[in-house]
Amino acid sequence: MKKFLFVVLALMLTLSVFAAGDKEAAAAGPQKITIWAWDPNFNIAIMEEAKARYQAINPDVQFEIVDMAKADVEQKLLINLSSGVTDGLPDIVLIEDYNAEKYLSSYPDSFADLSSSFDYSQFAPYKVKLMTVGGKTYGVPFDTGVAGTYYRKDILEAAGFRASDMENITWDRFIEIGEAVFAKTGVSMCAFDPTDGGLVRVMLHSAGSWYFDKNGKPFLAGNPVMEAAVATYAKLINSPGTMKTSGWAEWVGAINSGKAATISTGVWITGSVKAEATQSGKWALAPIPRLNVPGAVNASNLGGSSWYVLNSSKAKATAIDFLKQIYAKDNDFYQKILVDRGAVGSFLPSQGGSAYMVADPFFGGQKVFQNFSAYMQKIPSVEFGSYTYEADSAIASVLPSIYAGGSVADALKAAQAQLENAIK
Amino acid sequence: MPHEQLLLRRLRGRPSAGLVFSYVFIIIVAAFCLFPFLWMVIGATNVSKDVSMGKLSLGMALFDNFANLNKLVNLPLVFRNTAFVTLVGTFFTLLVASMAGYGFEMYRNRHRERLYAFLLLTMMIPFAAVMIPLFRIFAKVQLLNSFIAVILPSVASVIVIFYFRQSTKSFSRELVEAARIDGLSELQAFFYIYVPSMKSTYAAAAIIVFMSYWNSFLWPLIVLQTNDKKLLTLAISSLSSSYTPDFGVIMLFIILATSPTLVIFFAMQRQFVAGMLGAGK
């Protein structure tokens, strides 16, 4: 019996030693910057590069870069902010652009106002706009999800289309080309997951519109741009030239295996396109098609995220200085992350750098990143509001009825009601 | 093994249509259950691109995937952390829950059933509702980012207490009474008489509790903060959200992460079944 109690006591002692160790680590001083981000091969690796560069300038600063899934970062951040406990918060956090306004407008005092710390004219305007709430700019713009249409030159040529046929077109024209390509070559023009409405977002953004009006109220029903976007998307899905896939893996698999001739999405897909080395030289890049509404441009965006500094940070000044020295100054850093990680930043002065000028043999010698840089500066500014994902799922839930030929206006009314219900 | 004898006797004659049908049915269901595991093993040996193209044969990328995984995740650390949390957590949960289940069944008290019903009622509260208060409590007592914080809230697991109380119903009270007459204290009676005779119950509970600690995700995600405290589940999750997920690496990691639970389950399968059927008989 005594032996047993001894074991219990010993275990408890071990546990308390573990606990005590933490407190010491936490008290290590203000020169430690904790960063939360996701994606070990992208954001985390890029932050490691930034850390190494900053430590060369300021060797006393320690970093703890915590790697979590995106949903996990969001959940953790939300619980910390809503519980009012600041001990657990990091100094810098990565927030996806679509969700930025949600955090900034719900917890405005938790994030550092950086309006006077950075020269925002040096960043892509659409990125600055989405992190500006109530006249204050909070974040440091990071990667862009500038969209483009990657296409198989060889397949399109076999169907009689040239590069100029892909420039400056509408989605309606894209669908026409797709049907011709499919009829002549048997290869699908593109692949899409009918349950995923990501392309609807791309179309909306290209027309400078979003799910919400100026006051942040849902604006799905009776929104002409919204109607055009879902109707066009349904037409695309129903086109014989479109291959229907399910999930991310199958979607990327469609182009890697040569079953689909184009992929229209954010610049971050470049690595996945190039993963199939046997297709080298056969690919090219064109601007994304635009929506057939007034004011729409052949430039849009899908995804992207930015860095934010927490007001509770014990090393706030250092954290801001770190972001300034690297993300708002170091052009060479941006060349390095483009070459190593395929990351396209939104810091404009960096885009004249050598990495952006490289002619890529995979794309037949095209300087794709220079093209992306040009597209990025044309992306319209929109306010994403606080409920992009809620709106996204409301739209996704009515898409099947539109595919089946139902009324677009009625479907959007239903989506509007669902969205209002979800965010009430 | 009465089931096997029954089966053999039935197989000696011509198999009936019903038997054939049930076997076909079982095979189909088993295929559905086993395919994901097969897919996981195949995926772990292929590069990400082949996984996404639906390649169904073994590839040559197993060692590359392992090397990449090793670069992305500090494997020894996360395994050590997870093993620590799981073993210590399982030990204390079994100790506390079995004592509670034993106590609820063996000691009579006027408020016993009311207290027990109240305890069961707490099972109805979803974890999401207590998460933030719990987080605040642990922040107050300065236990954030410690393994104590991960283990403590689930040590008094109501479902395990319930399971031990149900199993204790078949434990004969006379054994403990005899022990008391022989001069054993209450604690001694518990440890020398009850614990050894409930081995299969402990084994079954151990498997369940082991798995729940090994797979715990949400609460550790919230209370653990630094990289040196990372658990397996958190590490797997962090690989999954990226612009270009590496499916081969993820599959390999999942195999590594699930194999300890598989080993534990197969090692203790017999006790598990016996425990589920009811111990102490």
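Residues numbered from 1 in each chain as written. Chains lettered and ligands numbered in written order. Predicted model: local features only at pLDDT ≥ 70, side-chain atom pairs only at ≥ 80, totals over all residues. Heavy atoms only, no water.

## A few points about the interface of chain A and chain B
So, point 1. At the interface, 46 residues of chain A touch 47 residues of chain B.
So, point 2. Seen at the junction of chain A and chain B, the total is one salt bridge.
So, point 3. For Glu276(A), the salt bridge goes to Lys49(B), with nearest N and O atoms at 2.8 Å.
So, point 4. If you look at where chain A meets chain B, you find eight residue pairs in polar contact (both at pLDDT 80 or more). (Contact = heavy atoms within 4.5 Å. Salt bridge = Lys/Arg side-chain N within 4 Å of Asp/Glu carboxyl O. Polar contact = N/O pair within 3.5 Å; in protein donor to acceptor, adjacent residues only side chain to side chain.)

## Looking at the domain arrangement of chain B
Residues and elements named next belong to chain B.
So, point 1. As assigned here, chain B comprises domain 1 (2–68) and domain 2 (69–277).
So, point 2. Distance from the C-alpha centre of domain 1 to the C-alpha centre of domain 2: 30 Å.
So, point 3. When the buried area of domain 1 at its contact with domain 2 is split by residue, Met 40, Phe 66 and Asn 68 rank highest and sum to 46% of it.
So, point 4. Joining domain 1 to domain 2, the criterion identifies zero salt bridges.
So, point 5. Between the two partners, domain 1 and domain 2, sit 10 residue pairs in polar contact (both at pLDDT 80 or more). (Domains from an automatic or database assignment. Buried area = accessible area lost by both parts, 1.4 Å probe.)

## Here we look at the domain arrangement of chain A
All names here are of chain A.
So, point 1. For chain A, the assigned domains are domain 1 (8–145 + 304–357) and domain 2 (146–301 + 361–423).
So, point 2. A straight line from the C-alpha centre of domain 1 to that of domain 2 covers 30 Å.
So, point 3. Tallying the contact residues gives 23 residues for domain 1 and 27 residues for domain 2.
So, point 4. For the pair domain 1 and domain 2, the summed buried surface comes to about 2,300 Å²; carbon and sulfur atoms form 58% of the total.
So, point 5. It is Tyr 98, Tyr 126 and Gly 145 in domain 1 that bury the most area against domain 2; as a group they hold 33% of the surface buried on that side.
So, point 6. For the pair domain 1 and domain 2, the interface holds two salt bridges.
So, point 7. For the salt bridge of Lys 129 with Glu 383, the shortest nitrogen-to-oxygen distance reads 3.9 Å.

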